[in-house]
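Topology and contacts: notes
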Amino acid sequence: MDIFDLLEINPGSTKVHLAQASNGYDPLMDFFDGKFIDYQKFQNKKNFERDNILSLIKLPGENLWLYVGVYSSQGIIGQEDGYHEYDTSLTKIGSSLIGRLVIEYRRAGRVSYPNCENLVGKASIAEIKSEPLGFSDFKSFKDVLLTRRDLEGLIRTAPGSWRSPLQSVSGIYLITDKANGKQY
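Relative to the helices and strands, S72 is located in strand β4 (residues 64-80). Along the backbone, S72 and N52 are 20 residues apart, and their C-alpha atoms lie at a distance of 4.4 Å. When neighbours within four sequence positions are excluded, S72 is seen to be in contact with D51, N52, D87, T88, S89 and T91. Within polar-contact distance, the side chain of S72 engages the side chain of Q74 at 3.0 Å.

What follows is the structure, given as structure tokens:
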């Protein structure tokens, strides 16, 4: 099944936002924190001049993207520091698939905002997860290997299986210098 049939969207009125990590910023963490809309609404160019925005975030691995919603765009409402601020809101389109639908799509070059019709026949459903993507369940402290950013996101979202183990310890941590392997 085509993703556009599944989501029931009109490609001709939809822009795609292919968000991915760069310069130390990871939009997936904003999605986990519920702040993706704040990140997306500020653009350095007029990227969202269509009625809808199909938002996808790059996942680790080859050509995999996480569906994070279809947003309506009511246009630019202001400009600040060279950025256009868009008035956007999350629609109900495919809401049950947010964070669950994984799409396979080979991005052409560096294009981050293609017109949706350019993905027709090129984007396919790779997987529909049973639960929205998030942090994996806590297993044991021996299995924990997190970056500082991951830890900060984990503390903010506090998934149930992590809450009790994190509350049971205070101040015990190990920092490893990736460059030389020293542990502090």
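Next comes the rest of the account.
All chains considered together, the criterion is met by six aromatic pairs. Consider the rings of Y25 and Y39, whose centres lie 4.7 Å apart with planes at 35 degrees: the pair is tilted. Taken together, the residues span a long stretch of sequence, with Y25 in the loop between β1 (14-19) and α2 (27-33) and Y39 in helix α3 (residues 36-40) at a distance of 14 residues. Classification of Y39 by relative accessible area gives partly exposed; the value is 25%. An aromatic cluster is defined as three or more aromatic residues linked by ring pairs; in this entry it consists of Y25, F36, Y39 and Y71. When the ring centre of W65 is taken as origin, the NZ or CZ atom of K58, which lies over that ring, is 6.0 Å away.

Considering all chains together, one arrives at three salt bridges under this definition. Close ionic contact of R50 with E117 constitutes a salt bridge, the shortest N to O distance being 2.8 Å. Of this pair, R50 sits in the loop between β2 (42-43) and β3 (52-58) while E117 sits in the loop between β6 (101-104) and β7 (124-128); the two residues are 67 residues apart in sequence, bridging distant segments of the chain. In this structure, E127 and K129 form a salt bridge, with 3.4 Å as the shortest nitrogen-oxygen distance.

Let us look at the pairing of β1. Within β1, six of the six residues are buried, which leaves the element mostly enclosed by the surrounding structure. Judged by which residues are buried, β1 turns out to be covered on both faces: T14, V16 and L18 on one side and K15, H17 and A19 on the other are all buried. As judged from the six bridges shared by β1 and β3, these two strands associate in the parallel manner. From the neighbouring strand, L18 faces β3, where its bridge partner is L56.

This part is about the nonpolar core. Counting residues in each nonpolar core, the largest one holds 34 residues, and the members touching the most others are F31, L54, L56, Y67 and I103. Among the secondary structure elements, those contributing two or more residues to this core are α1 (3-7), β1, α2, β3, β4 and β6. Element by element, the count of residues in this core is highest for β4, at six residues. Beyond its immediate stretch of four places on either side in the chain, L54 contacts F4, L7, I9, T14, K15, V16, H17, Y67, G69, V70 and C116.

Here we come to the side chain of T91. Note on placement: T91 falls in the loop between β5 (83-90) and β6. Under the relative-accessibility criterion, T91 is labelled buried at 18%. Side-chain polar atoms of T91 contact the backbone oxygen of V70, separated by 2.7 Å. Ignoring sequence-local partners within four residues, the contact set of T91 consists of V70, Y71 and S72.

Turning to the environment of I128, a few remarks are in order. Relative to the helices and strands, I128 resides in strand β7. Through-space distance from the C-alpha of I128 to that of Y67 is 10.0 Å; in sequence the pair is 61 residues apart. Discounting chain neighbours no more than four positions away, the residues touching I128 are L6, L97, R100 and L101.

Rules used in this analysis
Within each chain, residues carry numbers counting from 1 in the order of the written sequence. Reporting in this predicted model follows two pLDDT cut-offs: at least 70 for local features of residues, and 80 or more for side-chain atom pairs to be given and counted; totals over whole chains, interfaces and linings ignore these cut-offs and use all residues. The side-chain values count all of the structure's non-hydrogen atoms but skip hydrogen atoms and water molecules. Runs of E in the DSSP output that reach at least two residues are strands. Runs of H or I that reach at least four are helices, and both are numbered from the N terminus. The contact criterion used is simple: two residues touch if any of their non-hydrogen atoms lie within 4.5 Å. Think of a polar contact as two N or O atoms within 3.5 Å of one another; within protein, one of them needs to be a possible hydrogen donor and the other a possible acceptor, and neighboring residues in sequence only count if both atoms come from side chains. In summary, the pairing rule links any two rings of Phe, Tyr or Trp, Trp by its six-membered ring, whose centres are within 6.5 Å, and it sorts them by plane angle into stacked for under 30 degrees, edge-to-face for over 60 and tilted for everything else. Under the scheme applied here, a residue whose accessible area is under 20% of the maximum for its type counts as buried, over 50% as exposed, and between as partly exposed, the area being computed with a 1.4 Å probe on protein chains only. We call a charge positioned above a ring when the Lys NZ or Arg CZ atom is no farther than 6 Å from the ring centre and deviates by at most 35 degrees from the ring normal. Salt bridge, as used here, is a side-chain nitrogen of Lys or Arg placed within 4 Å of a carboxyl oxygen of Asp or Glu. The pairing criterion for strands is at least two bridges between them, as found by DSSP. Throughout, nonpolar core names a set of buried Ala, Val, Leu, Ile, Met, Phe, Trp, Tyr and Cys residues whose side chains join them through atoms within 4.5 Å.

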